[in-house]
Amino acid sequence: MNRYSGFTLLAVDDHEHNLFTLRSLLQQYMDVSILEATSGQQALDIALGDAHIDLIILDVQMPEMDGFQTASMLKIRKKTRDIPIIFLTAAFKTQEFQQKGYEVGAVDYLLKPIDDNQLINKISTYFRLIEKERNLNIILEQKVAERTAELAQAKQHLENIVTYMGEALLVLSPDGKIREVNPALRQMLGYSDEELLGMGIGDIFEEEGDEQAGAFMGTWLEALIRVGALSQIEARFITHDGRRIPILFSRTAVTDTEGEISDILCIAKDMSGYIRQDVPAANETSEADRPS
């Protein structure tokens, strides 16, 4: 038999002998921790204190603060509002009496004098429900932890790709401001992160001729909106020390849920080693070397 070790029950009754009877019965069948209160105020003080309470057995007829008032006070407190309450009463006086108990948050009623089997069965039922919910929460927490670890691993994998990729990567805002860069770009241009972030793309980018430069700074966003990506663009980066580095450039638009561009991804490949130098052919001679 599951004796529910680890659960805590608060018994509230203004008669000591009723608490003794309830305590003796619970200890006979269960290993639960039992807290006791002889008034509604004392019950509130215990429930709102450091103790973690799983279930409350609450007498309805008590002086000063009755069970209904006590339950109402428990239900408006964040710490105690979800604790199940079973009312104990000498009799269901009227249908309205019973309805009032449910309205203030009771989950069940038990009649006095207490039926031992009925009491133990009802308490066991609520403890099983609580136990099931706890187990489900543990499973859910495990799944959340596993998913969080998977996402962190995927994020780290993506960050490693971005960090160690050979091409330069920039993330731009729709107005052309630099938001993020990778190490390859910093190394290529000779800038630090602090210097690059917030700069305009035009500060580090140069295209052939005024017309192309104007197209980059003027109509490139419109083109991205239409096609989503522009690739194989020949251009040059301007380094920190003023050098021009030939690049092959691609731009891709990232859109939000409303279809608006939120970021522009730019990838540039250093073409310095691929530029063909015009030199005289081996079988050609210059004008100065020709005989007169």
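Source: prediction; values computed, not measured. (Residues numbered from 1 in each chain as written. Predicted model: local features only at pLDDT ≥ 70, side-chain atom pairs only at ≥ 80, totals over all residues. Heavy atoms only, no water.)

(A) Quick look at the overall build of the chain. Helix and strand counts for the chain come out as nine helices and eleven strands. For the chain, the residues scored as buried account for 34% of the 292 residues in total. The long-range share in the chain, meaning contacts at least 24 apart out of those at least 6 apart in sequence, stands at 55%. For the chain, the exposed area adds up to about 17,900 Å²; of that, 51% sits on carbon and sulfur atoms. (Helix = DSSP H or I, 4+ residues; strand = E, 2+ residues; numbered from the N terminus. Buried < 20%, exposed > 50% of the residue type's maximum accessible area, 1.4 Å probe, protein only. Contact = heavy atoms within 4.5 Å. Areas by Shrake-Rupley, 256 points an atom, 1.4 Å probe, with all protein chains shown as cover.)

(B) Summary view of the packing of helix α2 (residues 40-47) against helix α3 (residues 67-75). Direction vectors running N to C along α2 and α3 enclose 20 degrees, while the axes themselves pass 9 Å from each other. Judged by the angle between their axes, α2 and α3 are roughly parallel. Relative to α3, α2 is oriented so that their crossing is right-handed. Residues Gly40, Ala43, Leu44 and Ala47 of α2 pack against Thr70, Met73 and Leu74 of α3. Taken together, the residues of the contact of α2 with α3 sort by class into five nonpolar, two polar and no charged. (Axes fitted to C-alpha atoms, helices over the stretch in contact; angles between N-to-C directions. Parallel < 35°, antiparallel > 145°, perpendicular 65-115°, else oblique. Left-handed = near helix turned anticlockwise from the far one by under 90°. Nonpolar A, V, L, I, M, F, W, Y, C, P; charged D, E, K, R; others polar.)

(C) Layout of the packing of helix α1 (residues 16-29) against helix α5 (residues 116-164). Orientation of α1 relative to α5, taken along the N-to-C sense of each, is 65 degrees, at an axis distance of 11 Å. The two elements α1 and α5 meet at a crossing, and its hand is right-handed. Residue-level contacts link Leu22, Leu25, Leu26 and Tyr29 of α1 to Asp116, Leu119, Ile120 and Ile123 of α5. Per-class residue counts for the contact of α1 with α5 are seven nonpolar, no polar and one charged.

(D) Structural view of the nonpolar core. Counting 25 residues, the largest nonpolar core has Leu170, Leu196, Ile204, Phe237 and Ile247 as its most contacted members. Contributions of two or more residues to this core are made by β6 (168-172), β7 (178-181), α6 (183-189), β9 (229-238), β10 (244-255) and β11 (261-270). The contact partners of Leu196, leaving out residues within four places of it in the chain, are Ile178, Val181, Leu185, Arg186, Leu189, Tyr191 and Ile204. (Core = buried A, V, L, I, M, F, W, Y, C linked by side-chain atoms within 4.5 Å.)

(E) Broad picture of the environment of Asp31. Note on placement: Asp31 falls in the loop between α1 and β2 (33-37). Of the residues examined, Asp31 reaches a relative accessible area of 42% and is grouped as partly exposed. Residues Asp31 and Thr8 lie 23 residues apart in sequence; the distance between their C-alpha atoms is 9.3 Å. Excluding anything up to four places from it in sequence, Asp31 contacts Arg3, Tyr4 and Ser5.

(F) Examining α5 more closely. Relative to the 72 Å expected for 49 residues at 1.5 Å per residue, α5 spans 71 Å between its end C-alpha atoms, a close match to the ideal helical length. Among the structural elements, β1 (8-12), α1, β3 (55-59), β4 (85-89) and β5 (106-111) are those in contact with the buried residues of α5. A side-chain oxygen of the first residue of α5 lies 3.2 Å from the backbone nitrogen of Asn117; this N-cap is Asp115. (Expected span 1.5 Å × (residues − 1). Polar contact = N/O pair within 3.5 Å; in protein donor to acceptor, adjacent residues only side chain to side chain.)

(G) Region of the structure containing the pattern of salt bridges. Inspection of the entire model under this criterion finds eleven salt bridges. Across the pair Asp241 and Arg243 runs a salt bridge, and its minimum N-O distance is 3.2 Å. What you see here is one network of salt bridges that share partners, running through Asp13, Asp59 and Lys112. (Salt bridge = Lys/Arg side-chain N within 4 Å of Asp/Glu carboxyl O.)

(H) Looking closely at the pairing of β6. Judged by how many residues are buried, β6 sits mostly within the fold: five of five residues are covered. Both faces of β6 are covered, namely the face carrying Ala168, Leu170 and Leu172 and the face carrying Leu169 and Val171. In terms of strand pairing, β6 meets β11 through five bridges, oriented antiparallel. The residue of β11 that forms the bridge with Leu169 is Ile267. In the sheet, β6 pairs with β7 via three bridges, with the strands oriented antiparallel. Each residue of the ladder has a partner; that of Leu172, found in β7, is Ile178. Taking the residues that link successive antiparallel strands as the turn, the β6-β7 hairpin has five residues, and the phi of Gly176 there is positive, at about 90 degrees. (Pairing = 2+ DSSP bridges.)

(I) Local environment of α3. All of the buried residues in α3 are Gly67, Phe68, Thr70, Ala71 and Leu74. With its buried residues spanning 160 degrees around the axis, α3 presents them on a single face. Its side-chain oxygen 3.1 Å from the backbone nitrogen of Phe68, Asp66 forms the N-cap of α3. (Arc of directions from axis to C-beta.)

(J) Quick peek at the sheet that holds β1. Strands sit in the order β2-β1-β3-β4-β5 across an open sheet of five strands; the sheet is parallel. Edge strands, defined here as strands with exactly one partner in the open sheet, are β2 and β5. Strand-to-strand, the axes of this sheet are offset by a mean angle of 20 degrees, without reference to chain direction. Packed on one face of the sheet, α1 meets β1, β2 and β3 and runs near 175 degrees to β2. Across the face of the sheet, α2 comes into contact with β1 and β2 while running at roughly 140 degrees to β2.

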